[in-house]
Every structure is written in structure tokens, then in C-alpha cells.
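Working through the structure, step by step
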Amino acid sequence: MSLFHDTALVFGRYARQTLRSPFQILFGVLMPLLYLLFFGPLLTGLPLGREGDSWQVLVPGLLLQLGLFGASFAGFSIIMEKNWGVLDRMRATPVSRLALLLGRVLRDASLFVFQAVLLVLAALPMGLRAPLPGVLIGFGFVALLSVALASLSYALALKLPSPQAFGPAVNTLALPMMLLSGLMLPMALAPGWLDLLSRLVPFRYLVDAVREAYIGHYTTPAVLYGVLVALALAALAVTIGTRTFRSAGA
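This write-up is about the structure you can find in this document. Position numbers for residues start from 1 in each chain and track the written sequence from start to end. Reporting in this predicted model follows two pLDDT cut-offs: at least 70 for local features of residues, and 80 or more for side-chain atom pairs to be given and counted; totals over whole chains, interfaces and linings ignore these cut-offs and use all residues. Calculated side-chain values reflect all of the structure's heavy atoms, with hydrogen atoms and water omitted.

1. Quick look at the pattern of salt bridges
Note on definitions: salt bridges are taken to be side-chain nitrogens of Lys or Arg within 4 Å of carboxyl oxygens of Asp or Glu. Counting across every chain of the model gives 6 salt bridges. For Arg107, the salt bridge goes to Asp108, with nearest N and O atoms at 2.9 Å. The buried category is assigned to Arg107, whose relative accessible area is 9%. Residues joined in a network through salt bridges with shared partners are Asp195, Arg199, Arg204 and Asp208. Residue burial is assigned from relative accessible area. The probe radius is 1.4 Å, only protein chains are included, and a residue is buried under 20% of its type maximum, exposed over 50%, and partly exposed in between.

Quick look at the structure:
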């Protein structure tokens with residue numbers, strides 16, 4: 001109960017900060033929305049190497065792109081708090097270190113799921129047609145990915161001294177993940193060596209799972225693998241994030 005109470009307190013603090021900044025809420029969805037508007041029509045009618053139309057292929061990738069880049073850069077805020085002394089003041093309180101992490105990442109997950117809802121609503125008039133359970137499953141994957149990557153982002157930010165070091169480090173990791181996971185186009189279109197390499201990237205299994213859900217397939221091996229990878233990644237990331245918070249004295 002103490003952990004739940006502490007997590008709710010931290011979540012409430014950062015949720016109120018987010019609600020006071022509507023620009024932050026809407027800005028994060030801008031890049032996927034531009035891909036939707038200006039890249040999506042180029043795929044209409046093209047053979048994409050898998051079942052489903054072009055919108056059922058593109059929109060799941062954009063949802064996870066939203067979580068990938070949004071959550072990966074979440075650590076910027078904690079660098080600023082560290083520099084302003086906010087973390088030192090939190091360290092003086094009896095709040096659980098796990099709650100300090102969970103409150104933040106749950107705020108991040110809520111924000112990115114809300115942005116994912118906006119993206120899906122924007123995709124509907126563009127031509128997206130997907131079953132409601134599949135859309136909801138997609139939101140669940142966005143939430144799990146956000147929890148995992150935000151946890152790792154905060155852990156990395158606590159280890160790095162400045163935003164100037166943090167930004168390039170995240171870009172170096174996030175960009176290959178985007179290219180190799182098939183976010184924009186299915187890896188079925190890739191040559192054999194690239195398809196094999198992409199199977200070493202855990203995000204690929206999440207993308208494949210959401211695309212399966214968007215065509216109404218909920219019990220395929222791709223969905224099972226995606227769920228297992230997402231849960232394992234979230235559990236591992238929260239563990240790493242919590243240990244980093246404790247060792248950093250946050």
C-alpha cells in the first residue's frame with residue numbers, strides 16, 4: 001500500500017505538470033502525424049509483403065515509433081531536475097525509490113497512449129480500418145514499450161552529466177532500432193541478411209504483433225512472441241531503472 005500511495009503521489013505531480021503544458025501533449029504526436037499524412041499515401045496499393053492494407057501496416061509502426069522516440073528522450077527531464085536540485089530534495093523524503101521511477105514512467109505511458117489515440121483517430125479518415133480489439137491491443141503495446149524505454153532513459157540520464165551527452169547517446173541507440181525493427185515498412189521486403197539482423201532487435205516482435213492484431217489475428221505466434229518480449233523488456237527495464245535510482249541516490 002505504501003508503494004501504491006507513493007507511486008500515486010509521484011504520478012500526480014508529473015501528470016499535473018504535463019496537463020499544464022498542452023503543447024507538450026500535442027507536440028509529441030507531430031512527427032508520426034507527418035509520416036501519416038505525407039508518407040502513408042505513397043504506400044496505398046503497393047505490395048508490402050504481408051497480409052493487410054497499407055494503413056494496417058503503417059499505423060502500427062507509427063504507434064510504436066511514438067513510444068520509441070518519445071519514451072527514449074524522457075530522461076531529459078530528470079537531467080534538468082538533477083541540475084536544479086529537485087532529486088536531492090526527493091532523496092530527503094521517505095518515498096520509495098521504485099515509486100520515484102514508477103510514478104514517472106506511468107505518466108509517460110499515459111501521455112504516449114493518449115497521443116496514440118489521437119494518431120489512430122487521425123488515421124481513420126485517411127483510410128485505416130482495424131478491429132477495435134486490435135486497436136486496443138496496439139495501445140497496450142505502446143504502454144509497455146513506453147514503460148520499458150522511459151525506465152531505461154531515466155537510468156541513462158542519471159549516468160550522464162548533461163543534456164549534450166544524453167541526446168546523441170539516445171539517437172545513436174534509437175535510430176538503428178527504428179530502421180531494423182521495420183517500423184516504416186515490413187522486414188519481409190528486406191534482403192535475407194537484413195531480415196536476419198532485424199530478428200535480433202526486440203522491437204521487431206512488437207511491431208509484428210501489433211500488425212497482426214490490426215488485421216484481426218490475436219492468437220498467432222507473432223502476437224505471442226510480441227507479448228512475451230514486451231513484458232520481459234518492461235520487467236528488465238524497470239529493474240535496471242530502480243537499481244540506478246537507488247545507486248544514484250535519487
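2. Concerning the side chain of Glu212
A run of H or I in DSSP becomes a helix once it reaches four residues, and a run of E becomes a strand once it reaches two; helices and strands are each numbered from the N terminus. Inspection of the secondary structure puts Glu212 in helix H12 (residues 202-214). Contacts were defined at the residue level, with two residues in contact if any of their heavy atoms lie within 4.5 Å. With near-sequence residues (within four places) excluded, Glu212 lies in contact with Arg50, His217, Thr220, Ala222 and Val223.

3. Considering the nonpolar core
Burial of nonpolar side chains together is a common tendency in soluble globular proteins. Residues Val59, Leu63, Leu64, Val120, Tyr154 and Tyr214 are the most contacted members of the largest nonpolar core, which totals 69 residues. Setting aside residues up to four positions removed in sequence, Val59 forms contacts with Leu36, Val120, Ala123, Leu128 and Tyr214. Nonpolar cores are built from buried Ala, Val, Leu, Ile, Met, Phe, Trp, Tyr and Cys residues. Side-chain atoms within 4.5 Å join them into one set.

4. Some words on the environment of Leu233
Its place among the elements puts Leu233 in helix H13 (residues 221-247). Look past the residues within four positions of Leu233 in its chain and what remains in contact with it is Ala148 and Phe203.

5. Things to note about a nonpolar patch on the surface
The patch calculation keeps residues exceeding 30% relative accessible area without a salt bridge and links them within 9 Å when they carry like charges or within 5 Å when they are nonpolar (Val, Leu, Ile, Met, Phe, Trp, Tyr). Per-residue accessibility takes into account occlusion by the displayed protein chains alone, with areas from the Shrake-Rupley method and a 1.4 Å probe. On the surface, a cluster of nonpolar side chains totalling about 640 Å² of accessible area is made up of Phe23, Phe27, Leu30, Leu34, Leu37 and Phe38. For the nonpolar patch, the secondary structure elements donating two or more residues are helix H2 (22-27) and helix H3 (30-38). Here the nonpolar patch takes 4 residues from H3, the largest share from any one element. Summarising the element assignment, Phe38 is placed in helix H3. Taking the relative accessible area as the measure of exposure, Phe38 reaches 63% and is therefore exposed.

6. So, the packing of helix H8 (residues 97-123) against H13
The angle between two axes is taken between their N-to-C directions and runs from 0 to 180 degrees, where each axis is a line fitted to C-alpha atoms and a helix contributes only its stretch in contact. Put simply, H8 and H13 touch, their axes get as near as 9 Å, and they point 125 degrees apart. Viewed along their axes, H8 and H13 adopt a mutual orientation that is oblique. As for the relative orientation of H8 and H13, their crossing is right-handed in sense. Seen from H8, the contacting residues are Arg97, Leu98, Leu100, Leu101, Leu102 and Arg104; seen from H13, they are Val238, Gly241, Thr242, Phe245 and Arg246. Gly is put with the polar residues, along with every residue not named as nonpolar or charged; the nonpolar set is Ala, Val, Leu, Ile, Met, Phe, Trp, Tyr, Cys and Pro, and the charged set is Asp, Glu, Lys and Arg. Grouping the constituent residues of the contact of H8 with H13 by class yields 6 nonpolar, 2 polar and 3 charged. Roughly parallel refers to an angle under 35 degrees, roughly antiparallel to one over 145, roughly perpendicular to one between 65 and 115, and oblique to any angle outside these ranges. If you view the pair so one helix is near and one far, a crossing is left-handed when the near helix is turned anticlockwise from the far one by less than a right angle, and right-handed when it is turned clockwise.

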